[in-house]
Amino acid sequence: MSKLDDLMRFQQTALSVRGQRQQLLASNIANADTPNYKARDIDFTAVLANKLQLNSSQSATPLAKTANQHMDPSGSVDGIAPMYRTMVQGNVDGNTVDMDVERNAFADNGVRYEAGLTMINMQIRNMLAAIQG
Amino acid sequence: MSLFNVFNVAGSAMSAQAQRLNAVSSNLANADSVTSTSGATYKAKQVVFAAVPMNGTGSTGVKVSEVVEDATPPKLMYDPAHPLADEKGYVASPNVNVVEEMVNMISASRSYQDNVETMNSAKAMLLKTLTLGQ
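Residues numbered from 1 in each chain as written. Chains lettered and ligands numbered in written order. Predicted model: local features only at pLDDT ≥ 70, side-chain atom pairs only at ≥ 80, totals over all residues. Heavy atoms only, no water.

Novice: For this particular structure, what's the right way to read the environment of R21 of chain A?
Specialist: Residue and element names in this part refer to chain A. The topology assignment puts R21 in helix α1 (residues 3-30). In this structure, the C-alpha to C-alpha distance between R21 and A105, residues 84 residues apart in sequence, is 9.5 Å. Filtering out sequence-adjacent residues up to four positions away, R21 remains in contact with D41, I42, A105, D108 and N109. (Helix = DSSP H or I, 4+ residues; strand = E, 2+ residues; numbered from the N terminus. Contact = heavy atoms within 4.5 Å.)

Novice: Help me understand the pattern of salt bridges in this model?
Specialist: Two side chains that carry opposite charge are able to pair once their charged atoms sit near each other. The full count for this structure, using the stated rule, is 10 salt bridges over all chains. The shortest N-O distance in the salt bridge between D33 of chain A and R20 of chain B comes to 3.1 Å. Of this pair, D33 of chain A sits in the loop between α1 and β1 (40-41) while R20 of chain B sits in helix α1 (residues 2-29), which puts the two residues in different chains. As a salt-bridge pair, R103 of chain A and E117 of chain B come within 3.1 Å of each other at their nearest N and O atoms. A residue pair is termed interchain when its members come from two chains, as with R103 of chain A in helix α3 (residues 99-132) and E117 of chain B in helix α2 (residues 98-130). According to the relative accessible area criterion, R103 of chain A is partly exposed, its value standing at 35%. (Salt bridge = Lys/Arg side-chain N within 4 Å of Asp/Glu carboxyl O. Buried < 20%, exposed > 50% of the residue type's maximum accessible area, 1.4 Å probe, protein only.)

Novice: Before we go on, may I ask you to explain the interface of chain B and chain A in this structure?
Specialist: Many structure descriptions define interface size as the accessible area lost when the parts assemble. Each partner contributes residues to the interface: chain B has 35 residues there, and chain A has 31 residues. When the buried surface of chain B facing chain A is broken down by residue, D114, M125 and L132 of chain B rank first, second and third, together holding 20% of it. Here chain B is connected to chain A by 4 salt bridges. If you look at where chain B meets chain A, you find 12 residue pairs in polar contact (both at pLDDT 80 or more). Looking at the side of chain B that touches chain A, its residues break down into 12 nonpolar, 19 polar and 4 charged. (Buried area = accessible area lost by both parts, 1.4 Å probe. Polar contact = N/O pair within 3.5 Å; in protein donor to acceptor, adjacent residues only side chain to side chain. Nonpolar A, V, L, I, M, F, W, Y, C, P; charged D, E, K, R; others polar.)

Novice: Would you mind showing me how to read a nonpolar patch on the surface here?
Specialist: All names here are of chain A. A surface patch of nonpolar side chains, amounting to about 440 Å² of accessible area, comprises L4, L7, M127, L128 and I131. Of all the secondary-structure elements, those providing two or more residues to the nonpolar patch are α1 and α3. The element best represented in the nonpolar patch is α3, accounting for 3 residues. Here M127 is to be found in helix α3. Residue classification places M127 among the partly exposed positions, given a relative accessible area of 30%. (Patch = residues over 30% accessible without salt bridge, like charges linked within 9 Å, V, L, I, M, F, W, Y side chains within 5 Å. Areas by Shrake-Rupley, 256 points an atom, 1.4 Å probe, with all protein chains shown as cover.)

Novice: Looking at this model, I keep getting lost on the confidence of the model for chain A. Mind explaining?
Specialist: Any residue range with low pLDDT should be treated as having predicted coordinates unsuitable for detailed reading. On average, chain A scores 85 in pLDDT, and the residues at 70 or more come to 83%. When the elements of chain A are averaged for pLDDT, helix α2 (residues 44-57) of chain A gives the smallest value, 80, and α3 of chain A the largest, 93. (pLDDT = per-residue confidence, 0-100.)

Novice: How should I be thinking about unusual backbone geometry in this particular structure?
Specialist: Unusually for a residue other than glycine, N36 of chain A sits at a positive phi of about 65 degrees. Within the secondary structure layout, N36 of chain A lies in the loop between α1 and β1.

Novice: Help me out: how do you make sense of the nonpolar core in this one?
Specialist: Generally speaking, nonpolar side chains in soluble globular proteins are found buried as a group. With 14 residues, the main nonpolar core has L15, F106 and Y113 of chain A together with L3 and V6 of chain B as its most contacted residues. Of all the elements in the fold, those that place two or more residues in this core are α1 and α3 of chain A together with α1 and α2 of chain B. In terms of residue count, α3 of chain A provides more of this core than any other element does, 5 residues in total. When residues no more than four places from it in sequence are discounted, the contact partners of L15 of chain A are Y113, G116, L117 and I120 of chain A. Listed in part, the 10 residues of the second largest apolar core include A30 of chain A together with A13, A23 and F49 of chain B. (Core = buried A, V, L, I, M, F, W, Y, C linked by side-chain atoms within 4.5 Å.)

Structure (structure tokens):
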């Protein structure tokens with residue numbers, strides 16, 4: 001791996017995990033009215049640490065998936081295993097989406113995603129400065 | 001690219017909520033469509049949402065799994081002067097609960113707005129990503 005790859009890997013991985021989380025949160029918001037839907041989220045820190053470890057070793061060969069419905073053994077997608085949210089106030093229809101929590105997390109995650117983008121931009125600018133002198 | 005999936009997810013929710021709004025408007029429009037007690041009275045229609053996993057992405061969209069008819073019996077009004085009244089003087093009017101439908105309408109339009117907002121933020125994030133390195 002080149003040094004540029006090494007430099008970028010952390011932010012790149014963080015950004016892709018942020019993207020995955022945004023997708024999960026969007027699913028929760030979309031299913032706010034679906035009976036028996038259980039809201040899911042990921043532990044960002046744990047997933048990022050896990051992904052960085054996987055990236056550096058590159059040893060684990062994933063099982064081949066031959067149909068769209070196939071899942072990873074742990075129920076995870078792309079090495080990310082979502083967990084279920086615990087509810088403060090239950091709903092009659094078995095739905096565990098708390099709109100306030102989800103919107104809060106969605107906005108928070110979006111800002112952090114943009115922060116990650118800014119970091120990468122800075123890194124690129126630094127490298128350009130080093131190249132051009 | 002995982003962020004593009006947000007469009008699919010929010011889009012599925014928007015179309016499901018729009019269908020719910022459609023059912024509400026159909027119910028409200030027919031709230032006063034009276035028939036004779038022997039005829040088929042309009043029955044309130046309700047949509048049932050179900051979660052659908054998006055292929056291999058870990059995200060979950062929404063779809064309307066079925067449209068069910070409200071099973072409560074039609075409301076009978078006593079109005080002997082009505083042309084559709086039966087021999088006892090009753091006219092059947094639909095089992096639409098107008099208050100419930102109004103609540104449904106507000107809930108559907110708020111959920112729709114939530115999903116539009118989700119889509120907008122995802123779009124802003126994607127556009128920002130496109131400017132990476134510039």
